[in-house]
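# Analysis of the macromolecular model
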Amino acid sequence: MSGLLDQFPELKLVCPHLGGTLPYIIGRLDHQVTVLKRGPRNLTRTPGEYLTQVWLDIVSPLPLAMKFAHELIGPDRLLYASDHPWVQPQLISDALRSLRLSNGDEQKIFADNARKLFRL
């Protein structure tokens, strides 16, 4: 909300654990900025629009949280991660597969998005 992503549009931010609480409060932030006119005046977009610029890893053993992130920001900014050794990799991959996303979306999350982000 500082305008950093406007100042540095090529900046790549990765927010761990499905973005923490940010995806769940983004509607509230949008409301504060656009309706109540609170917060920074230098934003050119809503906080929710900035969120679509941020990459999220899918570390969560809860498939419903992954589904929410997928629906909120789409498959193009989600990255497979496991937080190993605290969370076993298989738990995360099984949770993602349980969503029965398209093969293309799974491929993006498991590999293609990381290749794009890290230029591999």
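Above this note sits the structure.
Residues numbered from 1 in each chain as written. Predicted model: local features only at pLDDT ≥ 70, side-chain atom pairs only at ≥ 80, totals over all residues. Heavy atoms only, no water.

Enumeration over the complete set of coordinates arrives at 3 salt bridges. When the shortest N-O distance is used, the salt bridge between aspartate 76 and lysine 108 registers 2.7 Å. Within this pair, whereas aspartate 76 is found in the loop between helix H4 (63-73) and strand S3 (78-79), its partner lysine 108 is found in helix H6 (residues 103-117), the two being separated by 32 residues in sequence. For aspartate 76, a relative accessible area of 37% translates into the label partly exposed. Notably, a salt bridge pairs arginine 115 with aspartate 112, separated by 3.1 Å at the nearest N-O pair. On the criterion of helical spacing, the pair formed by arginine 115 and aspartate 112 is a turn pair, its members being 3 residues apart in helix H6. You can call arginine 115 partly exposed: its relative accessible area is 43%. (Salt bridge = Lys/Arg side-chain N within 4 Å of Asp/Glu carboxyl O. Helix = DSSP H or I, 4+ residues; strand = E, 2+ residues; numbered from the N terminus. Buried < 20%, exposed > 50% of the residue type's maximum accessible area, 1.4 Å probe, protein only.)

What follows covers helix H5 (residues 89-97). Among all positions of H5, only Ile92, Ser93, Ala95 and Leu96 are buried. One side of H5 carries all its buried residues, which in axial view fall inside an arc of 160 degrees. On its buried face, H5 is in contact with H4 and H6. (Arc of directions from axis to C-beta. Contact = heavy atoms within 4.5 Å.)

A cluster of nonpolar side chains, namely Leu4, Phe8, Leu11 and Leu13, defines an oily patch on the protein surface of about 310 Å² accessible area. Inspection of the secondary structure puts phenylalanine 8 in the loop between helix H1 (4-7) and strand S1 (14-15). Look at phenylalanine 8 and you get partly exposed, because its relative accessible area is 43%. (Patch = residues over 30% accessible without salt bridge, like charges linked within 9 Å, V, L, I, M, F, W, Y side chains within 5 Å. Areas by Shrake-Rupley, 256 points an atom, 1.4 Å probe, with all protein chains shown as cover.)

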